[in-house]
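Okay, here's what each chain looks like letter by letter:
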Amino acid sequence: MTTSSSPYHLFKSVILILSATIVGSMRVAVTGTTGRLGREAVQLLSSRGIPTQCLLRHRIDSSVTPSISKGASSAQVASYLASLPGVTMVEGDVTDATSCKSLLQGCDAVLALHGPARPSPLQSLFRLLPESDPKHSRSVNYVAVQNLINAAKESTTCKRIVRVTGKGEDPFGFFSILINMLGHMAKAWNYEGEQLLRDSVIDYTIVRPGVMGRADVPSGKVLALVDNGRDLPVSAVTHSQIADLCVSCLDYPNTARSTLTAMNVEDGTGEETYAPLLAKVNADSKVFPKTLLEDHKRGARMGSAVLASVVAVLFTFALAAVKGVGSFLKTQL
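What you see is a predicted model, and the numbers here were worked out from it, not measured in a lab.

### Looking at the pairing of strand 3 (residues 87–91)
Bridging between strand 2 (residues 52–56) and strand 3 involves five bridges; their strand directions are parallel. Opposite Leu55, over in strand 3, you have Val90 as the bridge partner. Taking the sense of rotation as the criterion, the β-α-β connection linking strand 2, helix 3 (residues 74–82) and strand 3 turns out right-handed.

Structure follows, in structure tokens:
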């Protein structure tokens, strides 16, 4: 038997035919519409002819110039995306349950690409923003996920949630502590949101990407993907790569109820597209910790204590230096 007619290639051909049929009849909802990841996903969905409903916190401003450029405002990006074929805007907020129900009406899947805005470090360190605030990470990474799950349950059509989170199973890791300290416990609530999905009856695909937004991203055969919540060395990835992964997950029924880690590797050791990687994905079999919230909070408290100690030491040295300079100046007068 030749390579082209091997069982693997026959199986792959069947999967591709099935996926084309599935996606061709889909309507997809998107949250985090104007974010750098969301805008990439919306453009990709539109280019593939997939009807798309996008959640938007504000109405389209007809007075702005539509733009997708790097420096464009949120209003400009929204106006640009709204003009794309097959794209419909739904006004609302992902932290509002009613908005989520409106968004998912008639949709087969939702790409949950939203995330909290970067807060003031001091606001997070001193816990000046209550957890109930819509801008808090608990509201965005946890409550909003529950809203989407509930909306999907009430929907007669939405059977899939693709959620982008991040590595969050190491509460005492340096970056987890730092992000929790300065981002209203963003890592902690992301993981708790993941658990909501795993405990729900709705099929999910959780995507844990590398660091998005950096310029030093390799190209070529660099794509790497592992399932079952397994780990990969952290690397830079592009927003367009992760948007492509999220949309492509909808092509593969086998990616339902899976937790994927997506990174880049040295050119030549990975894949050029996600297709061969997604074809091998299996559903989660790992027993994930039920909750890591208290561990994350304890790690953040430890980090805050260390930071306070460092600041106290620096302040003591600075005060001693000022006194020393003052004494020296007195001797010279």
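Back to the text.
### Looking at the packing of helix 7 (residues 174–182) against helix 11 (residues 293–332)
At a closest axis distance of 8 Å, the pairing of helix 7 and helix 11 adopts a crossing angle of 85 degrees. Between helix 7 and helix 11, the angle is such that the two are roughly perpendicular. For the pair helix 7 and helix 11, contact is made by Ser176, Ile177, Asn180 and Met181 and by His296, Gly299, Ala300, Gly303, Ser304 and Leu307, respectively. Partitioning the contact of helix 7 with helix 11 into residue classes produces four nonpolar, six polar and no charged.

### What to know about the sheet that holds strand 6 (residues 203–209)
One open sheet accounts for eight strands, arranged 3-2-1-4-5-6-10-8; its pairing is mixed. Only two strands of the sheet have a single neighbouring strand rather than two, namely strand 3 and strand 8 (223–226). Sheet twist, expressed as the mean angle between neighbouring strand axes with direction ignored, is 20 degrees. The sheet contacts of helix 6 (residues 137–154) involve strand 1 (28–31), strand 4 (109–112) and strand 5 (160–164), and relative to strand 5 the element is tilted by about 170 degrees.

### Remarks on the state of the cysteines
One pass over the structure, following the stated rule, counts zero disulfides. Of all cysteine sulfurs, the one in Cys107 lies closest to Cys54, which takes part in no disulfide; the gap is 9.3 Å. Looking at the unpaired Cys246, the closest cysteine sulfur is the one in Cys249, lying at 6.3 Å.

### Some points on the pattern of salt bridges
Two side chains of opposite charge can pair, provided their charged atoms sit close to one another. The tally for this structure, following the rule as stated, stands at 15 salt bridges. Of the charged contacts, one joins Asp231 and Lys167 as a salt bridge, the two residues approaching to 2.8 Å between their closest N and O atoms. A residue pair is termed long-range when its members are at least 10 positions apart, and Asp231 in the loop between strand 8 and strand 9 (236–237) and Lys167 in the loop between strand 5 and helix 7 qualify at 64 residues. We classify Asp231 as exposed; its relative accessible area is 54%.

### Quick notes on the pairing of strand 1
Of the two faces of strand 1, both are covered, the one formed by Val28 and Val30 as well as the one formed by Ala29 and Thr31. Judged from the three bridges that link them, strand 1 and strand 2 form a sheet pairing that is parallel. Across the sheet, Val30 pairs through a bridge with Cys54, a residue of strand 2. Crossover strand 1 to strand 2 through helix 2 (residues 36–47) is right-handed. In this structure, strand 1 lies alongside strand 4, joined through four bridges in parallel fashion. Residue pairing in the sheet places Val28 in a bridge with Ala109 of strand 4.

### A word on the nonpolar core
Judged by nonpolar contacts, the single largest core of 38 residues is most densely connected at Leu111, Ile242 and Leu278. Looking at this core, the element that brings in the most residues is helix 9 (residues 239–249), giving six residues. Residue contacts for Ile242: discarding those within four places in its chain leaves Leu37, Val164, Val207, Pro209, Met212, Val237, Ala262 and Tyr274. Core analysis: the second largest hydrophobic core is formed by 23 residues, Cys100, Leu104, Ile161 and Ile202 among them.

### Quick look at a nonpolar patch on the surface
Taken together, the side chains of Phe174, Phe175, Leu178 and Ile179 make up a nonpolar region of the molecular surface, amounting to roughly 420 Å² of accessible area. Within the element layout of this structure, Phe175 appears in helix 7.

The rules we used
Residues numbered from 1 in each chain as written. Predicted model: local features only at pLDDT ≥ 70, side-chain atom pairs only at ≥ 80, totals over all residues. Heavy atoms only, no water. Pairing = 2+ DSSP bridges. Helix = DSSP H or I, 4+ residues; strand = E, 2+ residues; numbered from the N terminus. Right-handed = clockwise from strand over helix to strand, strands pointing away. Axes fitted to C-alpha atoms, helices over the stretch in contact; angles between N-to-C directions. Parallel < 35°, antiparallel > 145°, perpendicular 65-115°, else oblique. Contact = heavy atoms within 4.5 Å. Nonpolar A, V, L, I, M, F, W, Y, C, P; charged D, E, K, R; others polar. Disulfide = S-S within 2.5 Å. Salt bridge = Lys/Arg side-chain N within 4 Å of Asp/Glu carboxyl O. Buried < 20%, exposed > 50% of the residue type's maximum accessible area, 1.4 Å probe, protein only. Core = buried A, V, L, I, M, F, W, Y, C linked by side-chain atoms within 4.5 Å. Patch = residues over 30% accessible without salt bridge, like charges linked within 9 Å, V, L, I, M, F, W, Y side chains within 5 Å. Areas by Shrake-Rupley, 256 points an atom, 1.4 Å probe, with all protein chains shown as cover.

Any functional reading would require information beyond the geometric quantities listed.
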